Amino acid sequence: MLVFKDTISGLVAGIQLTSNNMVRKGDWITVPNSAVDGVVEEITLTTVKVRNFDHTIVTVTPQTLVSDSFQNWMGMQKSDGRRVKRKVFYDFRHIKLATDDLKKQLVERGYFTANELQGEQVNMALYRRYVERMLAQDARVNHHLSCLVRQLEATSSGLPLEFYFFLSDKEWVAYEHQVADLMEKIYALAADFDVLIYQTTPQQ
């Protein structure tokens, strides 16, 4: 039993993987504690062969996948959208009540109507509301899934806002470009609302 302990453990783990439908050939998996990040090409009772996206081949034992956690991306690929979850920090010193001049500029740019800006308004709240509306109306965002801009707990690095939404296009290259386009617009809009994205000054 001691001689065949590893072999028996591997066989049991292989049976667990297949019988519980944890991973199948063609699945994209990521194993955090190893170099595995690619598509499963072959599964046997003793080995799982994965082709990484850099075209290297990695072989792991089924026991590695059972004993350690791994991420199977097939649920995302079969869903209606791929999640975007980004956190950005903003400078507290630029969070303030919106002046009449700022309100006028926002109306002129078409961000809000004059009626929407009646009474006291905080520039950060207006920014948050507008970005959420912009994302909800963007054709690249899946409107049937969650879409929100929320404030997180304040930190010494500023006030964080989390941008949470799903893109309909899940293909890697298109997804990354669309995320970049939307986030760059979000960064650029900050100046229109007189809010400042927090960043530390690099040491010379």
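Anything mentioned here points back to the structure above.
These numbers come from a predicted model, not from an experiment.

Draft legend 1. Examining the environment of Asp169 more closely. Mapped onto the elements, Asp169 comes out in the loop between β8 (159-167) and α6 (172-192). What makes Asp169 partly exposed here is its relative accessible area of 30%. Along the chain, Asp169 and Gly81 lie 88 residues apart, while their C-alpha atoms are 6.7 Å from each other. Apart from residues no more than four positions distant in its own chain, Asp169 is found in contact with Ala174, Tyr175 and Gln178. At a separation of 3.1 Å, a polar atom in the side chain of Asp169 contacts the main-chain amide nitrogen of Glu171.

Draft legend 2. Representation of the packing of aromatic side chains within the structure. Applying the stated rule across the entire model yields 10 aromatic pairs. Centroid distance Phe112 to Phe193: 6.5 Å. Interplanar angle 90 degrees. Geometry classified as edge-to-face. Of this pair, Phe112 sits in the loop between α4 (100-108) and α5 (123-137) while Phe193 sits in the segment after α6, placing them 81 residues apart in sequence. Each member of the pair Phe112 and Phe193 is classed as buried. A centroid spacing of 5.9 Å and a plane angle of 35 degrees characterise the contact between Tyr130 and Phe193, whose relative ring orientation is tilted. In this pair, Tyr130 sits in helix α5 while Phe193 sits in the segment after α6, placing the two residues 63 residues apart along the sequence. Residue class for Tyr130 comes out buried when judged on its relative accessible area of 14%. For Phe193, a relative accessible area of 0% translates into the label buried.

Draft legend 3. How the structure looks around the sheet that holds strand β5 (residues 71-72). Strand order across the open sheet formed by 5 strands is β4-β3-β2-β1-β5, with antiparallel pairing between neighbours. One side of each edge strand has no neighbouring strand; the edge strands of this open sheet are β4 (57-60) and β5. Sheet topology note: the strand β3 (residues 48-52)/β4 ladder contains 4 bridges and is antiparallel. Paired with Lys49 across the bridge in β4 is Thr59.

Draft legend 4. Summary view of the pairing of β4. Residues Val58 and Val60 line the buried face of β4, whereas the alternating positions Ile57 and Thr59 sit on a face that is not buried. Between the antiparallel neighbours β3 and β4 lie 4 residues, among them His55 with a positive phi of about 70 degrees.

Reading the values: rules and limits
Residues numbered from 1 in each chain as written. Predicted model: local features only at pLDDT ≥ 70, side-chain atom pairs only at ≥ 80, totals over all residues. Heavy atoms only, no water. Helix = DSSP H or I, 4+ residues; strand = E, 2+ residues; numbered from the N terminus. Buried < 20%, exposed > 50% of the residue type's maximum accessible area, 1.4 Å probe, protein only. Contact = heavy atoms within 4.5 Å. Polar contact = N/O pair within 3.5 Å; in protein donor to acceptor, adjacent residues only side chain to side chain. Phe/Tyr/Trp six-rings, centres within 6.5 Å; stacked < 30°, edge-to-face > 60°. Pairing = 2+ DSSP bridges.

Note that all results are geometric; they support no functional claim without further evidence.
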